[in-house]
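For reference, the chains in residue letters:
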Amino acid sequence: SMASARGCLKFSLIGCLGLLVLIVVLGGIAAFSAKKTLSEAEVVDRELQSPDRVLEVPAAAVAGARGRVLLELSQGEFKLDSSLPGEGVLVDAHYDERIYELEESFETLPDSTWIYRVGFRRTISGLQALMRAILGEEEETYVHIYLPPDVPLDLAIQVEEGGFEAELGGLWLKDAEILYGKGGFDLDFDEPLR
């Protein structure tokens, strides 16, 4: 009947309104929780200055042998350039260590080839990162990597969610694999590869 159809519609609207209120309340709780977590971390951020880290692999460690450079980078601004001849691998990074993690490793294999790996990623949740951006608490974060132009290299780059600029001109690349997702990517060759 028409009366029962109206009653059903009324019940459905009340149910939808209740669901909407529940979603808004849960969203408010999540935002409050993220804000509370950020404000607690703020005190530590003021005491712990964002590090300017320079990681260096000396030229002597890479001279005369083919190397493999692995870059696994996400959620930041990244740049790749060549260093000066005779210099080794150099990484210049600026970031908040409460939010990001920078890892590196270097090993020489029995056949004298070497492997250098740099990993960079965000360690807080996406919601916390979004709240920091909205509140204007996100400071400049970058990782700048310099590779020697006079050493034969295999290069493997994997970038996810970030801005990446690479100037590969003049490098002695034997092999390169570049995987990229989400963000801006600029790859240039100002001069021929060796």
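Figured I'd write up the structure that's included with this text. This one's a predicted model, so the numbers in the text were calculated from it and none came from an experiment.

### Some words on the sheet that holds strand β7 (residues 142-147)
Right, on to step 1. Ordered in space as β1-β4-β7-β3-β9-β11, the 6 strands form an open sheet in which the pairing is mixed. This sheet does not close on itself; its edge strands, each paired only once, are β1 (52-57) and β11 (185-188). On average, each strand axis in the sheet is inclined to that of its neighbour by 10°, with strand direction left out of account.
Right, on to step 2. By the bridge criterion, 4 bridges tie strand β3 (residues 77-82) to strand β9 (residues 163-167) in an arrangement that is parallel. If you follow Lys-79 over to β9, its bridge partner there is Glu-165.

### Observations concerning the sheet that holds strand β8 (residues 153-160)
Right, on to step 1. Read across the open sheet, the 5 strands follow the order β5-β6-β2-β8-β10; overall the sheet is mixed. Strand pairing shows two members of the sheet lacking a second neighbour, β5 (100-108) and β10 (173-181), which therefore form its edges. Each strand axis lies, on average, 5° off the axis of its neighbour in the sheet, ignoring direction.
Right, on to step 2. As defined by bridge partners, strand β2 (residues 67-74) adjoins strand β6 (residues 114-122) across 7 bridges and the pair is classed as parallel. Each residue of the ladder has a partner; that of Glu-72, found in β6, is Gly-119.

### Side note on the environment of Ala-176
Right, on to step 1. Inspection of the secondary structure assignment puts Ala-176 in strand β10.
Right, on to step 2. As a C-alpha pair, Ala-176 and Leu-155 span 21 residues in sequence and 4.6 Å in three-dimensional space.

### As for unusual backbone geometry
Right, on to step 1. Despite not being glycine, Ser-112 shows a phi value in the positive range, around 80°.
Right, on to step 2. With respect to the helices, strands and loops of the structure, Ser-112 is situated in the loop between β5 and β6.
Right, on to step 3. Overall, Ser-112 belongs to the partly exposed group, its relative accessible area being 43%.
Right, on to step 4. For Lys-182, which is not glycine, the phi torsion reads 60° and is therefore positive.
Right, on to step 5. When you line up the elements, Lys-182 lands in the loop between β10 and β11.
Right, on to step 6. A relative accessible area of 59% places Lys-182 in the exposed class.

### What to know about the packing of aromatic side chains
Right, on to step 1. All chains considered together, the criterion is met by 7 aromatic pairs.
Right, on to step 2. Each ring, one from Phe-106 and one from Tyr-116, has its centre 6.4 Å from the other, and the planes form 55°; the classification is tilted. Within this pair, whereas Phe-106 is found in strand β5, its partner Tyr-116 is found in strand β6, the two being separated by 10 residues in sequence.
Right, on to step 3. Among the residues examined, Phe-106 registers a relative accessible area of 33% and is labelled partly exposed.
Right, on to step 4. Ring centres 5.3 Å apart and planes at 10° place the aromatic pair Phe-164 and Phe-185 in the stacked group. Separated by 21 residues along the polypeptide, Phe-164 in strand β9 and Phe-185 in strand β11 bring together distant segments of the chain.
Right, on to step 5. Here the aromatic residues Phe-78, Tyr-95, Tyr-100 and Phe-120 are joined through ring pairs into a cluster of three or more.
Right, on to step 6. When the ring centre of Trp-172 is taken as reference, the NZ or CZ atom of Arg-194 above it lies at 3.9 Å.

### Looking at a negative patch on the surface
Right, on to step 1. Judged by side-chain charge, Glu-77, Glu-140, Glu-165, Asp-186, Asp-188, Asp-190 and Glu-191 come together as a negatively charged surface patch.
Right, on to step 2. Of note, Glu-165 is situated in strand β9.

### A word on the side chain of Ser-83
Right, on to step 1. You can see Ser-83 is positioned in the loop between β3 and β4 (89-94).
Right, on to step 2. Only 3.3 Å separates the side chain of Ser-83 from the backbone oxygen of Gly-88, close enough to count as a polar contact.
Right, on to step 3. For Ser-83, the residues in contact, after removing those within four places along its chain, are Gly-88, Tyr-146, Leu-147, Pro-148 and Pro-149.

### Looking at a nonpolar patch on the surface
Right, on to step 1. On the surface, Ile-178, Phe-185, Leu-187, Phe-189 and Leu-193 cluster together into a nonpolar patch covering about 400 Å² of accessible area.
Right, on to step 2. Position of Phe-189 among the secondary structure elements: in the segment after β11.

Rules of the game
- Residues numbered from 1 in each chain as written.
- Predicted model: local features only at pLDDT ≥ 70, side-chain atom pairs only at ≥ 80, totals over all residues.
- Heavy atoms only, no water.
- Pairing = 2+ DSSP bridges.
- Helix = DSSP H or I, 4+ residues; strand = E, 2+ residues; numbered from the N terminus.
- Axes fitted to C-alpha atoms, helices over the stretch in contact; angles between N-to-C directions.
- Buried < 20%, exposed > 50% of the residue type's maximum accessible area, 1.4 Å probe, protein only.
- Phe/Tyr/Trp six-rings, centres within 6.5 Å; stacked < 30°, edge-to-face > 60°.
- Lys NZ or Arg CZ within 6 Å of the ring centre and 35° of its normal.
- Patch = residues over 30% accessible without salt bridge, like charges linked within 9 Å, V, L, I, M, F, W, Y side chains within 5 Å.
- Areas by Shrake-Rupley, 256 points an atom, 1.4 Å probe, with all protein chains shown as cover.
- Salt bridge = Lys/Arg side-chain N within 4 Å of Asp/Glu carboxyl O.
- Lys, Arg positive; Asp, Glu negative; His and termini not counted.
- Charge placed at Lys NZ, Arg CZ, Asp CG, Glu CD.
- Polar contact = N/O pair within 3.5 Å; in protein donor to acceptor, adjacent residues only side chain to side chain.
- Contact = heavy atoms within 4.5 Å.

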